[in-house]
Amino acid sequence: MSETASPLVGIVMGSDSDWPKIKAAAAALKEFGVLHEVRVMSAHRAPEVVRQYATMAAARGLKVIVAAAGGAAHLAGVIASHTVLPVIGVPVPTELSGGLDSLLSIVQMPGDIPVATVGVGGGGPRNAGLLAVQILAIGDVVLQRKLADFRHKLADKVGVKDEALQAKLSSEK
Ligand code: RP5
């Protein structure tokens, strides 16, 4: 089993208002049976909580942190500054250019403190969850097999769509 008694992935977000936009990250983890926790904490409104969470994360058994925030999105970077666990940043869409502010705030980390950043909206949050699964799979053969199966099914689905399109095009000739 990949699941353990304590969470392996921490999903943190700057506000509860982010949840509807990033919950696909949690859904991806659930799909692969990866135990995770979801927390709200703000790098600006509650910086001490963020510092303590990031500092204690590895000791609590977390292996990966997914951090989502919008606008002046400093949460992922601040967490990364307090831990050597891999941090995946999720830029939350905003009204300003669809979330370009969030993306640039997260992706433009200074050298030496990396944050792996996924896309804004669309498949971004789901990819954050999947990337966390892939990181965990490095040391987990069960997850490796699940990922291989997942990729095969993806390819099968594309094949089915292609066949359907070919049939449709033929019937239109
Ligand atoms: C960020 O500010 C949060 O991540 C959220 O995306 C944004 C707005 O937060 P609320 O005003 O909705 O609490 O820190």
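Residues numbered from 1 in each chain as written. Predicted model: local features only at pLDDT ≥ 70, side-chain atom pairs only at ≥ 80, totals over all residues. Heavy atoms only, no water.

Details of the pattern of salt bridges
Consideration 1: Enumeration over the complete set of coordinates arrives at 5 salt bridges.
Consideration 2: The closest approach of N and O atoms between Lys153 and Asp149, which form a salt bridge, is 3.0 Å. Taken together, the positions of Lys153 and Asp149, both in helix H6 (residues 141-172) and 4 residues apart, correspond to about one turn of that helix.
Consideration 3: According to the relative accessible area criterion, Lys153 is partly exposed, its value standing at 47%.
Consideration 4: A salt bridge links Lys168 to Glu172, with the shortest nitrogen-to-oxygen separation between them at 2.9 Å. Remark: Glu172 and Lys168 occur in helix H6; sequence separation between them is 4 residues, near one turn of the helix. (Salt bridge = Lys/Arg side-chain N within 4 Å of Asp/Glu carboxyl O. Helix = DSSP H or I, 4+ residues; strand = E, 2+ residues; numbered from the N terminus. Buried < 20%, exposed > 50% of the residue type's maximum accessible area, 1.4 Å probe, protein only.)

Here we look at the pairing of strand S3 (residues 64-70)
Consideration 1: Across the 7 residues of S3, 6 count as buried, placing the element largely inside the fold.
Consideration 2: In this structure, strand S1 (residues 9-13) lies alongside S3, joined through 5 bridges in parallel fashion. Opposite Gly10, over in S3, you have Ile65 as the bridge partner.
Consideration 3: The sheet contact formed by S3 and strand S4 (residues 87-92) spans 6 bridges and is parallel. Considered in S4, the bridge of Ala69 is made with Pro91.
Consideration 4: Between the parallel pair S3 and S4, the chain is carried across by helix H3 (residues 75-82), and the sense of this crossover is right-handed. (Pairing = 2+ DSSP bridges. Right-handed = clockwise from strand over helix to strand, strands pointing away.)

Some thoughts on the site of the ligand
Consideration 1: Close contacts around the ligand come from Gly14, Ser15, Ser17, Asp18, Arg45, Ala69 and Gly70, and that covers them all.
Consideration 2: Here Asp18 contributes a side-chain N or O atom positioned 2.5 Å from an oxygen atom of the ligand.
Consideration 3: Measuring from an oxygen atom of the ligand, one finds a backbone N or O atom of Gly70 at 3.1 Å.
Consideration 4: Contact with the protein chains covers 66% of the free accessible surface of the ligand, which is 360 Å².
Consideration 5: Of the residues contributing to the shell around the ligand, the split by class is 1 nonpolar, 4 polar and 2 charged. (Near = heavy atom within 4 Å. Polar contact = N/O pair within 3.5 Å; in protein donor to acceptor, adjacent residues only side chain to side chain. Areas by Shrake-Rupley, 256 points an atom, 1.4 Å probe, with all protein chains shown as cover. Nonpolar A, V, L, I, M, F, W, Y, C, P; charged D, E, K, R; others polar.)

Examining a nonpolar patch on the surface
Consideration 1: Together, Leu100, Leu104 and Val107 line one region of the surface with nonpolar side chains, adding up to about 240 Å² of accessible area.
Consideration 2: Relative to the assigned elements, Leu100 resides in helix H4 (residues 100-107). (Patch = residues over 30% accessible without salt bridge, like charges linked within 9 Å, V, L, I, M, F, W, Y side chains within 5 Å.)

Some words on the nonpolar core
Across soluble globular proteins, nonpolar side chains show a tendency to be buried alongside one another.
Consideration 1: Counting 27 residues, the largest nonpolar core has Val9, Ile11, Phe32, Val34 and Val66 as its most contacted members.
Consideration 2: Of all the elements, helix H5 (residues 124-137) adds the most residues to this core, at 6 residues.
Consideration 3: Ignoring any residue separated from it by four or fewer positions in sequence, one finds Val66 in contact with Val9, Gly10, Ile11, Val12, Ile88, Val90, Ala128 and Ala132.
Consideration 4: By size, the runner-up hydrophobic cluster in this structure holds 20 residues, among which are Ala43, Ala57, Ile65 and Ala73. (Core = buried A, V, L, I, M, F, W, Y, C linked by side-chain atoms within 4.5 Å. Contact = heavy atoms within 4.5 Å.)

Nothing here speaks to function; it is all geometry.
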